Amino acid sequence: MQIILVSDRLTTAKAITIAPRHLVGALFAFTVLVFVLASAFSFITLKHASELRIPMIDELITAARNEEIERSEQFVRENLNTMAVKLGQMQAQLIQLDTLGTRLAKLAGVKPPDPVSDNAPPGRGGPLVSEQPLSAAELEVQMKHFSDLLAHQDDYLGVIESELLLDQATLSLVPSTLPVSGGSWNASGFGWRIDPFTGSRAMHEGVDFVSEVGTPIIAAAAGVVTEAGFHPQYGNLVEVDHGRDLSTRYAHANKLFVKPGMVVRRGQKIAEVGSTGRSTGPHLHFEVRVKGVAQNPNRFLELARKALPSGREQARIGKTGS
């Protein structure tokens, strides 16, 4: 591309040749100039907008500020909603732990602690050495940590509850309840004694409780009645199977209130004291057997004796024959 210049001052015409690179350079320079002028204008205008009081600029600045404030508020709302959900989950876990703790306290025989009111939080304190505010991210991490701890504690207390329930169910099948109340404890003990009929030394496979005729006889533990009827030696006899090869016998009864196959619970009335069979007077002959072999009932009934109030504890009588 050529440009021819003609002028009165020039003796001859001059020709200027413009190459494509010259056009590109000129276009680039013009673009840079426009960008620099626009940036300078924007900077001056925004810097002195409050002094110039230009309505359009004020509106643009206000709109930008409002948009930024709205974004910040939206971010805070989302974080608050997330924290509220976490707080609700922790509150539900605390309620579940409180209920579980109350059940465990009842199973263990411990008085549950009194609930702490919102107006009286538990006492805490100590000297302030240093402090560091928590950020939102750190607070969320701490809440997640405590939530995980609550979940772990919930699982742990659940295992303890299962074990206590199992122990309680097992204990209900162990003969640790006195079979009669108000009678003389252990009127004739377990082991060798002088037989009241023959006067010879003989093995006594149970313990005797002297009581009046008609005194209720109760099951020392839960189980299934395997025998309920008359026996030449035991008189009116009730035998209860407690599982795990453990059984109890209640002999010399006056009346029976159960039949074979019946399921009885601990403390249920199964008979009344009498003097039937090989007996010298009204009393209950009580036996505990493991795999059919007689055991000393005192090993089991000692728990029941210790559970009695001191004013009502029954006196133990020596191992003299009855």
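Calculation criteria
Residues numbered from 1 in each chain as written. Predicted model: local features only at pLDDT ≥ 70, side-chain atom pairs only at ≥ 80, totals over all residues. Heavy atoms only, no water. 1 Å grid on protein atoms, 1.4 Å probe; cavity = no way out; pocket = protein on both sides within 12 Å on 5 of 7 lines; lining within 4 Å. Points joined across faces, edges and corners; volume = space filled by probe spheres on them. Helix = DSSP H or I, 4+ residues; strand = E, 2+ residues; numbered from the N terminus. Nonpolar A, V, L, I, M, F, W, Y, C, P; charged D, E, K, R; others polar. Core = buried A, V, L, I, M, F, W, Y, C linked by side-chain atoms within 4.5 Å. Buried < 20%, exposed > 50% of the residue type's maximum accessible area, 1.4 Å probe, protein only. Contact = heavy atoms within 4.5 Å. Phe/Tyr/Trp six-rings, centres within 6.5 Å; stacked < 30°, edge-to-face > 60°. Pairing = 2+ DSSP bridges. Patch = residues over 30% accessible without salt bridge, like charges linked within 9 Å, V, L, I, M, F, W, Y side chains within 5 Å. Areas by Shrake-Rupley, 256 points an atom, 1.4 Å probe, with all protein chains shown as cover. Salt bridge = Lys/Arg side-chain N within 4 Å of Asp/Glu carboxyl O.

> So what's going on with the layout of surface pockets? Which residues, and what values?
Counted as a void, the largest pocket has a volume near 340 Å³. Taken together, 19 residues form the lining of the largest pocket, with Arg193, His204, His252, Arg278 and His285 sitting closest to its centre. Of all the secondary-structure elements, those providing two or more residues to the lining of the largest pocket are strand 5 (201-204) and strand 13 (283-290). Of the residues that constitute the lining of the largest pocket, the class distribution is five nonpolar, eight polar and six charged.

> If you had to explain the nonpolar core to someone new, which residues and values would you point to?
Note on soluble globular proteins: their nonpolar side chains tend to be buried together. The biggest cluster of nonpolar side chains holds 24 residues, and the ones touching the most others in it are Ile217, Tyr250, Ile270 and Phe286. Those elements that place two or more of their residues in this core are strand 6 (207-210), strand 9 (235-243), strand 10 (246-256), strand 12 (269-273), strand 13 and helix 5 (298-307). If sequence neighbours within four positions are ignored, Ile270 has contacts with Ile217, Ile218, Ala219, Val238, Tyr250, Leu256, Phe257, Val258 and Val264.

> Please set out the packing of aromatic side chains residue by residue, giving values where relevant.
Per the stated rule, a full pass over the model turns up one aromatic pair. Measuring from ring centre to ring centre gives 5.3 Å for Tyr250 and Phe286, while their planes differ by 50°; the resulting arrangement is tilted. With a gap of 36 residues between them, Tyr250 in strand 10 and Phe286 in strand 13 connect regions that are remote in the sequence. The buried category is assigned to Phe286, whose relative accessible area is 0%.

> I'd like to hear about the pairing of strand 12, residue by residue, with values.
Counting buried residues along strand 12, four of its five residues qualify, which places the element largely inside the surrounding structure. In terms of strand pairing, strand 7 (residues 216-218) meets strand 12 through three bridges, oriented antiparallel. The residue of strand 12 that forms the bridge with Ile218 is Lys269. Where strand 10 lies against strand 12, three bridges are found, and the strand directions are antiparallel. Bridge pairing in strand 12 places Lys255 opposite Glu272.

> Give a detailed account of unusual backbone geometry, specifying residues and quantitative values.
The backbone of His252 sits at a positive phi, close to 65°, despite the residue not being glycine. Within the secondary structure, His252 is located in strand 10. The buried category is assigned to His252, whose relative accessible area is 5%.

> Go over the pairing of strand 13, please, and point to the residues and values.
Within strand 13, seven of the eight residues are buried, leaving the element largely enclosed by the surrounding structure. Inspection of the sheet shows strand 6 paired to strand 13 by four bridges, in the antiparallel sense. Bridge pairing in strand 13 links Asp208 to His285. Sheet topology note: the strand 10/strand 13 ladder contains six bridges and is antiparallel.

> Can you explain the environment of Lys86? Please cite residues and give values.
Here Lys86 lies in helix 3 (residues 55-108). What makes Lys86 partly exposed here is its relative accessible area of 26%. Remark: the alpha-carbon pair of Lys86 and Ser147, spanning 61 residues in sequence, is separated by 7.9 Å.

> So what about a nonpolar patch on the surface? Which residues, and what values?
On the surface, a cluster of nonpolar side chains totalling about 420 Å² of accessible area is made up of Phe28, Val32, Phe35 and Val36. Relative to the assigned elements, Val32 resides in helix 1 (residues 20-47). Accessibility expressed as a relative area gives 37% for Val32, which makes it partly exposed.

> Now, about the environment of Gly267: what can you tell me, with residues and values included?
As for its placement among the helices and strands, Gly267 is situated in the loop between strand 11 (263-264) and strand 12. Taking C-alpha positions, Gly267 is 8.5 Å from Leu178, a pair spaced 89 residues apart along the chain.

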